[in-house]
Amino acid sequence: MEAPNQTRVTEFVFLGLTDNWALGTLLFVAFSLAYVLTLLGNTLIIVTTALTRRLHTPMYFFLSNLSFIDTCHSSVTVPKMLEGLLRERKTISFDDCIAQLFFLHLFACAEILLLTVMAYDRYVAICAPLRYPNVMSIRVCVQLVLALWWGGTVHSLVQTLLTIRLPYCGPNVIDSYFCDVPPVIKLACTDTYLTGVLIVSNSGTISLTCFLALVTSYTIILVSLRKQSAEGRRKALSTCSAHFMVVTFFFGPCIFIYTRPDTSFSIDKVVSVFYTVVTPLLNPLIYTLRNEEVKSAIKHLRQKQVFS
């Protein structure tokens with residue numbers, strides 16, 4: 001309970017990525033370009049998947065959902081970061097900070113669960129191809145997507161409630177460029193060790209468990225490829241290698257940051273850039289440049305539009 005003479009914080013101040021104006025301007029240009037490409041690339045995948053009948057399969061259904069989540073995930077943090085790179089004083093209201101924190105964890109957890117579902121989809125397609133149409137039916141795919149959104153919402157509510165229940169009476173400077181649970185709870189006017197442990201138990205367990213499940217799935221897939229034909233092995237390795245690249249870039253930073261109770265490093269902000277800026281950009285690049293079906297569908301839609 002707050003003491004009578006304590007004043008509740010109404011806004012937070014970000015330290016941001018840098019105080020150097022020249023470097024900040026350079027980062028603004030680079031991250032603005034990355035953000036625009038993220039929006040265009042992921043939107044292209046969503047539209048292509050929706051308009052191409054032969055891409056109406058579970059794998060591309062999950063891929064279009066991944067593109068939607070990446071677009072939302074990036075939009076939660078990047079616009080505020082870009083604004084901060086051009087401003088000397090980088091502030092955010094308490095309510096906006098909590099909202100950013102909530103949606104950040106909602107989309108991050110949804111992406112973690114979706115990547116796990118995508119690994120399961122590839123496992124069934126490669127290891128049990130005859131059962132694949134029944135196991136991964138349209139109804140099952142929709143249920144899995146609804147389940148991951150439900151799981152992301154529950155996770156985000158837990159993180160948000162654990163954060164807002166703490167008293168904040170100063171200081172109000174966040175050593176980051178966005179609101180996240182670890183840097184925010186450090187500003188609470190009370191002992192946060194137990195809260196930190198609970199938060200790590202929630203976020204860290206989800207990240208680590210899903211990552212181990214993914215590694216196990218891909219290991220089983222690689223072992224099973226010995227029974228496949230040369231063409232089957234080539235196609236399966238191409239698809240799985242793209243998935244694993246995304247998994248590595250996204251899960252690595254999440255595990256690094258969310259499995260350390262009450263501990264921070266100066267490199268945390270750099271690591272955070274990977275899963276808030278880099279990974280949402282890499283997903284469309286990896287899946288479009290390495291996937292012949294998607295490239296062919298995009299080319300067909302472009303030709304169709306030209307002729308029309």
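For the structure, see preceding data.
Residues numbered from 1 in each chain as written. Predicted model: local features only at pLDDT ≥ 70, side-chain atom pairs only at ≥ 80, totals over all residues. Heavy atoms only, no water.

Caption draft 1: Layout of the overall build of the protein chain. Broken down by element type, the protein chain carries ten helices and three strands. Each helix and strand of the protein chain, placed in order from N terminus to C terminus, yields the pattern β-α-α-β-α-α-α-β-α-α-α-α-α. For 308 residues, the compact-globule formula gives about 19 Å, and the C-alpha radius of gyration of the protein chain, at 21 Å, lands near that figure. Each principal axis of the C-alpha distribution contributes one length, and for the protein chain these read about 70 × 45 × 30 Å. Evaluated residue by residue, the protein chain yields a buried proportion of 49% over its 308 residues. Each charge sign in the protein chain was given a centre, from 24 positive and 18 negative side chains, and these centres are 15 Å apart. (Helix = DSSP H or I, 4+ residues; strand = E, 2+ residues; numbered from the N terminus. Rg over C-alpha atoms; globule rule 2.2 N^0.38 Å. Buried < 20%, exposed > 50% of the residue type's maximum accessible area, 1.4 Å probe, protein only. Lys, Arg positive; Asp, Glu negative; His and termini not counted. Charge placed at Lys NZ, Arg CZ, Asp CG, Glu CD.)

Caption draft 2: Representation of the packing of helix 5 (residues 138-164) against helix 7 (residues 193-224) within the structure. Two elements in contact, helix 5 and helix 7, have axes separated by 10 Å at closest approach and are oriented at 165°. Compared by their axis directions, helix 5 and helix 7 come out roughly antiparallel. In this structure, helix 5 meets helix 7 at a crossing whose hand is left-handed. Taken together, the residues of helix 7 that come into contact with helix 5 (itself represented by H155, V158, Q159 and L162) are T195, L198, I199, N202, S203 and I206. For the contact of helix 5 with helix 7, the residue count by class is five nonpolar, five polar and no charged. (Axes fitted to C-alpha atoms, helices over the stretch in contact; angles between N-to-C directions. Parallel < 35°, antiparallel > 145°, perpendicular 65-115°, else oblique. Left-handed = near helix turned anticlockwise from the far one by under 90°. Contact = heavy atoms within 4.5 Å. Nonpolar A, V, L, I, M, F, W, Y, C, P; charged D, E, K, R; others polar.)

Just distances and angles here, no functional claims.
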